[in-house]
Amino acid sequence: MGKIIRKIVFLAIIAIVAVVLYAYDSAVIPTEDLLLTNETRLDENAQCITQKVEQPLDRHGNLDVTTWNLYKQNSSGWDVTLKQLAERSDLLLLQEAKYTADLKSFVEEQELYMLLARAFTFAEEPIGVMNLSRDRALSSCVFRKAEPYIHFPKSMLISYYLLSDATQLLAVNIHSINFTWGLDEYKAQLSVVKEALLNHTGPIIFAGDMNTWSEQRSEAVAQLLKNTGLIEAIPNEDSRTTFFGHRLDHIYYRDLELVKAESIITESSDHNPVKAYFRLQKKYPSKKLNSAVTTN
């Protein structure tokens, strides 16, 4: 029996090593931070873009935001769930989105505007965090942070969207690094977020898979919120995905009125989507929007 167990363990180790070698052989990690849209070719390199915008992100002051780790579309039914979320969200923030032909077709069929912060490419298909919306972002930049041990990066999008009261929404979509026991690298990634939050006046959404699977990581995020004045949108019936007893996916906000938040149970990913319903605060004066608005 002992020989059989040792043989099984040996074969399992060989299988794991084979998978890791295949992953490294099939993956390409770009040396530059690359932002992709469905309006540019995949061979165009840019960390930041500025776009012309025709319509505000919200609907007459209502703003629905969803965050979901798409798990690289490895689970069946992802397209059905994604369609339901896209139809009911003004801003859809995805993590582990793999820009396959199927996902590209989905974006085109739903007539969505896509931003993808390419973390790396696997089998010639870009993977990273993705924003989906009905109109373009005013501007957006991608930032990456490499995992300390496996070196595969996690990506982040910092984007600005026009709102109907002529203010701008800062939307941060993050997939936090995972494979590190210390906090230095984790806090370094959050420092980029902190700078953007402190430099923005107006509404903010900070959301994504933050890999807050320890008390120390949760405290690091809590300190960031304290310094920047953000609040968490917590679902009343909380079915968010947990690891080591800690919830991983979050939506934080500032200068918005929270109507309600919910988590949606699904088998289409290893994470459950989180959605928050907001209204714009009335303290901002209304202004007539130009037909086309750009940032400076």
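A brief look at the structure comes next. This one's a predicted model, so the numbers in the text were calculated from it and none came from an experiment. (Residues numbered from 1 in each chain as written. Predicted model: local features only at pLDDT ≥ 70, side-chain atom pairs only at ≥ 80, totals over all residues. Heavy atoms only, no water.)

Let's talk about the overall build of the protein chain
Phase 1 of the analysis: Along its length, the protein chain carries five helices and 17 strands.
Phase 2 of the analysis: Looking at the protein chain as a whole, 52% of its 296 residues are labelled buried.
Phase 3 of the analysis: Look at the contacts in the protein chain between residues 6 or more apart in sequence, and 72% of them connect residues 24 or more apart.
Phase 4 of the analysis: In the form shown here, the protein chain has an accessible surface area of approximately 14,800 Å², with 52% of it arising from carbon and sulfur atoms. (Helix = DSSP H or I, 4+ residues; strand = E, 2+ residues; numbered from the N terminus. Buried < 20%, exposed > 50% of the residue type's maximum accessible area, 1.4 Å probe, protein only. Contact = heavy atoms within 4.5 Å. Areas by Shrake-Rupley, 256 points an atom, 1.4 Å probe, with all protein chains shown as cover.)

Structural notes on unusual backbone geometry
Phase 1 of the analysis: Here the phi dihedral of Tyr71 falls at roughly 60°; this positive angle occurs in a residue that is not glycine.
Phase 2 of the analysis: Residue position: Tyr71 is located in the loop between strand E4 (62–69) and helix H2 (78–87).
Phase 3 of the analysis: A relative accessible area of 30% places Tyr71 in the partly exposed class.
Phase 4 of the analysis: Positive phi values are uncommon outside glycine, yet Glu111 reaches one of about 55°.
Phase 5 of the analysis: Relative to the helices and strands, Glu111 resides in the loop between helix H3 (101–109) and strand E6 (113–122).

Some points on the pattern of salt bridges
Phase 1 of the analysis: Using the criterion set out here, one finds 15 salt bridges in the structure.
Phase 2 of the analysis: Asp33 serves as the salt-bridge partner of Arg144, at 2.8 Å between the closest nitrogen and oxygen. Of the two residues, Arg144 sits in strand E8 (residues 139–146) while Asp33 sits in the loop between strand E1 (27–28) and strand E2 (34–37), which places them 111 residues apart along the sequence.
Phase 3 of the analysis: Residue Asp33 is classed as partly exposed on the basis of its relative accessible area, which comes to 22%.
Phase 4 of the analysis: For Glu257, the salt bridge identified is with Arg279, shortest N-O distance 2.9 Å. (Salt bridge = Lys/Arg side-chain N within 4 Å of Asp/Glu carboxyl O.)

With respect to the environment of Glu125
Phase 1 of the analysis: By the secondary structure assignment, Glu125 is in strand E7 (residues 125–133).
Phase 2 of the analysis: Distance from Glu125 to Thr100, taken between C-alpha atoms, is 6.0 Å for residues 25 residues apart in sequence.
Phase 3 of the analysis: Leave out the neighbours within four places in its chain, and Glu125 touches Lys98, Tyr99, Thr100 and Phe120.

Considering the nonpolar core
Phase 1 of the analysis: Counting residues in each nonpolar core, the largest one holds 29 residues, and the members touching the most others are Leu169, Ile205 and Phe278.
Phase 2 of the analysis: If you tally residues by element for this core, the top one is strand E17 (residues 274–280), at four residues.
Phase 3 of the analysis: What Leu169 contacts, discounting residues up to four positions off in sequence, is Leu57, Leu63, Leu91, Ser159, Tyr160, Tyr161, Leu163, His200, Pro203, Ile204, Ile205 and Leu256.
Phase 4 of the analysis: Within the second largest apolar cluster, 20 residues are counted, among which are Leu170, Ile174, Ala196 and Leu225. (Core = buried A, V, L, I, M, F, W, Y, C linked by side-chain atoms within 4.5 Å.)

A short note on a nonpolar patch on the surface
Phase 1 of the analysis: Together, Tyr149, Phe179, Trp181, Phe243 and Phe244 line one region of the surface with nonpolar side chains, adding up to about 680 Å² of accessible area.
Phase 2 of the analysis: Topologically, Phe244 is positioned in the loop between strand E13 (242–243) and strand E14 (246–247). (Patch = residues over 30% accessible without salt bridge, like charges linked within 9 Å, V, L, I, M, F, W, Y side chains within 5 Å.)

Structural notes on H3
Phase 1 of the analysis: Along H3, the residues classified as buried are Leu103, Phe106 and Val107. Within H3, the buried residues cover an arc of 95° as seen down the axis, which keeps them to one side. Facing away from the buried side of H3 by more than 90 degrees, the exposed set consists of Ala101, Asp102 and Glu109.
Phase 2 of the analysis: Along its buried surface, H3 packs onto H2, strand E5 (91–98), E6 and E7.
Phase 3 of the analysis: The positive-phi residue at the C-terminal boundary of H3 is Glu111, with phi of around 55°. (Arc of directions from axis to C-beta.)

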